[in-house]
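Summary of the model geometry
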Amino acid sequence: MSRQVFLYDPPERFVAGTVGLPGRRSFYLQASDKSRTTSVALEKAQVEALAERIDELLDEVVRRTGGNAPVPAVTPSEVDDTEPLESPVEEEFRVGTMALAWDGESDRLVVEAQALVELEAESDEDLAEAEERLLQDDENGPPMLRVRMSGTMARAFAKRALEVVSAGRPPCPLCSLPLDPEGHVCPRQNGYRRGEE
């Protein structure tokens, strides 16, 4: 069976967002254009890592081009996207492997998010090799979301993604574990229940 690639080149919108209450949120990447929307599920740590790597890659592009690349140093306020995910959120797949690249010919950032697959390998090196083969195999393999976007849209994505990640439950001032609305058993308080203050 040939690989299903959800290609957005460029998308009208590409954002990270959540469904659910803090502590029980599900995280998604969502790309859309006039006729369709694709949502893929992933972990909070994956969203954070993707946003951080995008910012690092864009900073490197600016540095290497001496500031001549069409990449803003910070997100312009007119492209901030604070709208919720488009509903209904229908998950196409759960993300396993992600890849980033800068296409210098078209001045576009390329994000690839591939469906989670169970790989069997005898060592970490074998596993990394198998993951690399899957990313490079456009004919076969698991479904993939591929988004090609401008540096400006990429900065806006990264900013929003980091805001989404940090919008979760507030940390306990004593132990830094997340506080639920009903409080939590704080190890620094010898097991006494501690609520938000």
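Residues numbered from 1 in each chain as written. Predicted model: local features only at pLDDT ≥ 70, side-chain atom pairs only at ≥ 80, totals over all residues. Heavy atoms only, no water.

**Describing the overall build of the protein**
What the protein contains, in helices and strands, is 3 helices and 9 strands. Of the regular secondary structure in the protein, the N- to C-terminal order runs β-β-β-β-α-β-β-α-β-α-β-β. Here the protein, with 197 residues, has 37% of them falling under the buried criterion. Summarising the internal contacts of the protein: among those between residues at least 6 apart in sequence, 62% fall at separations of at least 24. Taken as a whole, the protein presents about 11,600 Å² of accessible surface, with 47% of it coming from carbon and sulfur. (Helix = DSSP H or I, 4+ residues; strand = E, 2+ residues; numbered from the N terminus. Buried < 20%, exposed > 50% of the residue type's maximum accessible area, 1.4 Å probe, protein only. Contact = heavy atoms within 4.5 Å. Areas by Shrake-Rupley, 256 points an atom, 1.4 Å probe, with all protein chains shown as cover.)

**Topic: the environment of Glu86**
Residue placement: Glu86 occurs in the loop between helix 1 (44-64) and strand 5 (91-103). Judged by relative accessible area, which is 33%, Glu86 ranks as partly exposed. Here Glu86 is in contact with Arg13, Gln30, Ser32 and Thr37, once residues within four sequence places are set aside. Here Thr37 takes part through its side chain, which lies 3.1 Å from a polar atom of the side chain of Glu86. (Polar contact = N/O pair within 3.5 Å; in protein donor to acceptor, adjacent residues only side chain to side chain.)

**Observations concerning the environment of Ala45**
Among the secondary structure elements, Ala45 is positioned in helix 1. The spacing of Ala45 and Val165 is 120 residues in sequence and 8.3 Å in space, taken between C-alpha atoms.

**Some remarks on the packing of helix 1 against helix 3 (residues 151-166)**
At a closest axis distance of 9 Å, the pairing of helix 1 and helix 3 adopts a crossing angle of 145 degrees. Crossing angle aside, the handedness with which helix 1 passes helix 3 is left-handed. For the pair helix 1 and helix 3, the contacting residues are Lys44, Val47, Glu48, Leu50, Ala51, Glu52, Ile54, Asp55, Leu58 and Asp59 in the first and Gly151, Ala154, Arg155, Phe157, Ala158, Ala161, Leu162 and Val165 in the second. Residues of the contact of helix 1 with helix 3, tallied by class, amount to 11 nonpolar, 1 polar and 6 charged. (Axes fitted to C-alpha atoms, helices over the stretch in contact; angles between N-to-C directions. Left-handed = near helix turned anticlockwise from the far one by under 90°. Nonpolar A, V, L, I, M, F, W, Y, C, P; charged D, E, K, R; others polar.)

**Overview of the side chain of Gln114**
Within the secondary structure, Gln114 sits in strand 6 (residues 108-115). Within the local environment of Gln114, its side chain forms a polar contact with the side chain of Arg3, the two groups lying 3.2 Å apart.

**A few points about the sheet that holds strand 2 (residues 13-19)**
One open sheet holds the 7 strands; their spatial order is 1-7-6-5-4-3-2, and the pairing between them is mixed. In the strand order of this sheet, the two ends are held by strand 1 (5-8) and strand 2, each with one partner. Neighbouring strand axes in the sheet, compared pairwise and without regard to direction, differ in orientation by 30 degrees on average. Of the strands in this sheet, strand 2, strand 3 (26-32), strand 4 (37-42), strand 5 and strand 6 are in contact with helix 1, which crosses strand 5 at around 15 degrees. (Pairing = 2+ DSSP bridges.)

**Considering the pattern of salt bridges**
Side chains that differ in sign of charge can pair as their charged atoms come close. Enumeration over the complete set of coordinates arrives at 14 salt bridges. Asp9 serves as the salt-bridge partner of Arg148, at 3.3 Å between the closest nitrogen and oxygen. Separated by 139 residues along the polypeptide, Arg148 in strand 7 (residues 144-149) and Asp9 in the loop between strand 1 and strand 2 bring together distant segments of the chain. Accessibility expressed as a relative area gives 17% for Arg148, which makes it buried. Looking at Asp9, the relative accessible area reads 45%, which means it is partly exposed. (Salt bridge = Lys/Arg side-chain N within 4 Å of Asp/Glu carboxyl O.)

**Observations regarding the nonpolar core**
Counting residues in hydrophobic clusters, the biggest one holds 32 residues, and the most contacted among them are Phe14, Leu29, Ile54, Leu145 and Phe157. Contact partners of Leu145, with chain neighbours within four places excluded, come to Phe6, Tyr8, Phe14, Ala31, Thr38, Val40, Phe93, Val111, Glu112 and Ala113. (Core = buried A, V, L, I, M, F, W, Y, C linked by side-chain atoms within 4.5 Å.)

**What to know about the pairing of strand 6**
Counted residue by residue, strand 6 has 7 buried out of 8 residues, so it is predominantly covered. Of the pairings in the sheet, the one linking strand 5 to strand 6 comprises 8 bridges and is antiparallel in character. Among the inter-strand pairings, Ala99 is bridged to a residue of strand 6, identified as Glu112. Here strand 5 hands over to strand 6 after 4 residues, with Asp107 in that stretch at a positive phi of 50 degrees. Where strand 6 and strand 7 come together, 6 bridges link them in antiparallel fashion. Pairing of Gln114 across the sheet is with Met144, part of strand 7.

**Things to note about the environment of Phe14**
Summarising the element assignment, Phe14 is placed in strand 2. The class for Phe14 is buried, based on a relative accessible area of 4%. Along the chain, Phe14 and Ala156 lie 142 residues apart, while their C-alpha atoms are 9.1 Å from each other.

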